[in-house]
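Coordinate analysis (summary)
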Amino acid sequence: MTLSKEVIAQLAEHVENAELNKKAITKITDDYPDMDWEDAYAIQYAIRKRKQDRGTLIAGLKMGLTSHAKMKQMGVETPVFGFLTDYGSYADGAEIDTSNFIHPRIEGEVAVMTNKTLKGPGCHIGSVLAAIDFVMPAIEIIDSRYENFRFDLKSVIADNTSAAGYVTGSNMKRIEELDLPTLGVVLEKNGEIVELGAGAAVLGHPAASVAMLANMLAERGEEISAGTFIMTGGITAAVAVEKGDNINMRCQDIGSVSMRFV
Ligand code: 0L1
Ligand code: MG
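The residue count restarts for each chain, going from 1 along the sequence in the order it is written. Chains carry letters and ligands carry numbers; both start at the beginning, A for chains and 1 for ligands, and go up in the order they are written. With the structure being a predicted model, the display of local features is reserved for residues of pLDDT at least 70 and the display and counting of side-chain atom pairs for 80 or more, all residues being used for whole-chain, interface and lining totals. Side-chain metrics rest on all non-hydrogen atoms present in the structure, leaving aside hydrogens and water.

**Here we look at the coordination of the magnesium ion (ligand 2)**
- Each metal's donors are the N, O and S atoms found within 2.8 Å of it, except that Na, K and Ca use a 3.2 Å limit; water is left out, so coordination can look incomplete. Glu107 (OE), Glu109 (OE) and Glu140 (OE) make up the full set of protein donors to the magnesium ion (ligand 2), lying at 2.0 to 2.1 Å.
- Taken in chain order, the donor set of the magnesium ion (ligand 2) reads E-x1-E-x30-E. Pair noted here: Glu109 is in strand 5 (residues 105-114) and Glu140 is in strand 6 (residues 132-142), with a separation of 31 residues, a long-range link. Across this residue pair, the class does not change: Glu109 and Glu140 are buried. Note on conventions: DSSP H or I runs of at least 4 residues are helices, E runs of at least 2 residues are strands, and numbering of each starts at the N terminus. Note on exposure labels: buried denotes an accessible area under 20% of the residue type's maximum, exposed denotes more than 50%, and partly exposed covers the range between, all computed with a 1.4 Å probe on protein chains only.

Rendered as structure tokens:
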């Protein structure tokens, strides 16, 4: 850790204010080039605490930067994790107020709900498959608080991995009914196909992403409790959206999820 408690608190306030005021900031490593991974997650956790202290509920966890395409798109090399808030949750078919965001993008994903505790180190895909209660199609809304989505890995971790919202489909399937790596996803914007993908884009298997999450949390002495909702990571690249856009994602075997930005 290179930053003092005071600086962590100041940076948490600074980054969270960018979210709350919908005003982009420059990446924080410009001013703190020596900050390390621990500092970055400490800022993210301080933001999480600020929200919880104001009554926000943590609705789940997310993995980000889980595909090689996405890592290349963003010029970074490692997956990251963040948290999901109660106020970021939207139902299938929701009308979403675009003014809630700075420059939103969407990513096609699958989400899972666990029914057993997952604990690393050494958490593997087998433990995860045995702990997934059900799978749902979901779209993540990301909205980097940094100008033009220009950041490095430490800045984006501090910014809760750009998490801004998530829309869950109305269908769920048991894990044993699905083959997640070959599960196909078609993402449409205003009736046109803009992205295609398969579950294998997420670290080879979305369950591998959950195992990685358990192992990353273990480094902090944490675990994934039973009953945790997890966005496993982008199957598609991120697509920019604006007011007036209609989005629909068709997900093989688990139905669709849609939303309209108003
Ligand atoms: O969920 C994601 O993969 C996004 C991680 C953060 C990077 C970005 O803002 O695109
Ligand atoms: Mg995502």
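More follows now that the structure is in view.
**Points about the packing of aromatic side chains**
- Classification of ring pairs uses Phe, Tyr and Trp, with its six-membered ring standing for Trp, and accepts pairs whose centres are within 6.5 Å; under 30 degrees between planes counts as stacked, over 60 as edge-to-face, and the remaining range as tilted. The tally for this structure, following the rule as stated, stands at three aromatic pairs.
- Ring geometry for Tyr41 versus Phe81: centroids 4.5 Å apart, planes at 15 degrees, classification stacked. On the criterion of sequence distance, the pair formed by Tyr41 in helix 2 (residues 37-53) and Phe81 in strand 2 (residues 80-85) is long-range, its members being 40 residues apart.
- Sitting over a ring, as applied to charges here, requires NZ of Lys or CZ of Arg to be within 6 Å of the ring centre and within 35 degrees of the ring normal. Above the plane of the ring of Tyr45 lies Arg48, whose end atom (NZ or CZ) is 5.5 Å from the centre.
- Residue placement shows Arg220 over the ring face of Tyr45; its charged tip is 3.9 Å from the ring centre.

**Quick word on the pairing of strand 9 (residues 192-198)**
- Strands are labelled as partners when DSSP assigns at least two bridges between them. Pairing of strand 8 (residues 184-189) with strand 9, which is carried by six bridges, proceeds in the antiparallel orientation. Bridged to Val185 within strand 9 is Gly197.
- What sits between the antiparallel neighbours strand 8 and strand 9 is a turn of two residues, in which Asn190 has the positive phi angle 50 degrees.

**A closer look at the site of ligand 1**
- A cutoff of 4 Å decides nearness: a residue is near a molecule or strand if any of its heavy atoms lies inside that distance of it. Taken together, 13 residues sit near ligand 1, with Lys62, Leu65, Lys70, Glu140 and Ser162 positioned nearest.
- The side chain of Glu107 places a nitrogen or oxygen atom 3.1 Å from an oxygen atom of ligand 1.
- Here Glu140 contributes a side-chain N or O atom positioned 2.9 Å from an oxygen atom of ligand 1.
- A 1.4 Å probe and the Shrake-Rupley method give the accessible areas. Residues count as covered only by the protein chains that appear here. Burial of ligand 1 by the protein amounts to 100% of the accessible area it has alone, namely 300 Å².
- Secondary structure elements with two or more residues in the shell around ligand 1: strand 1 (58-64), helix 3 (68-74) and strand 6.
- Polarity classes work like this: nonpolar for Ala, Val, Leu, Ile, Met, Phe, Trp, Tyr, Cys and Pro, charged for Asp, Glu, Lys and Arg, and polar for all others, with Gly in that last group. Per-class residue counts for the shell around ligand 1 are six nonpolar, three polar and four charged. As used in this structure description, the phrase polar contact means that two N or O atoms lie within 3.5 Å; if the pair is within protein, one of them must be able to donate a hydrogen and the other to accept it, and residues adjacent in sequence are counted only when both atoms belong to side chains.

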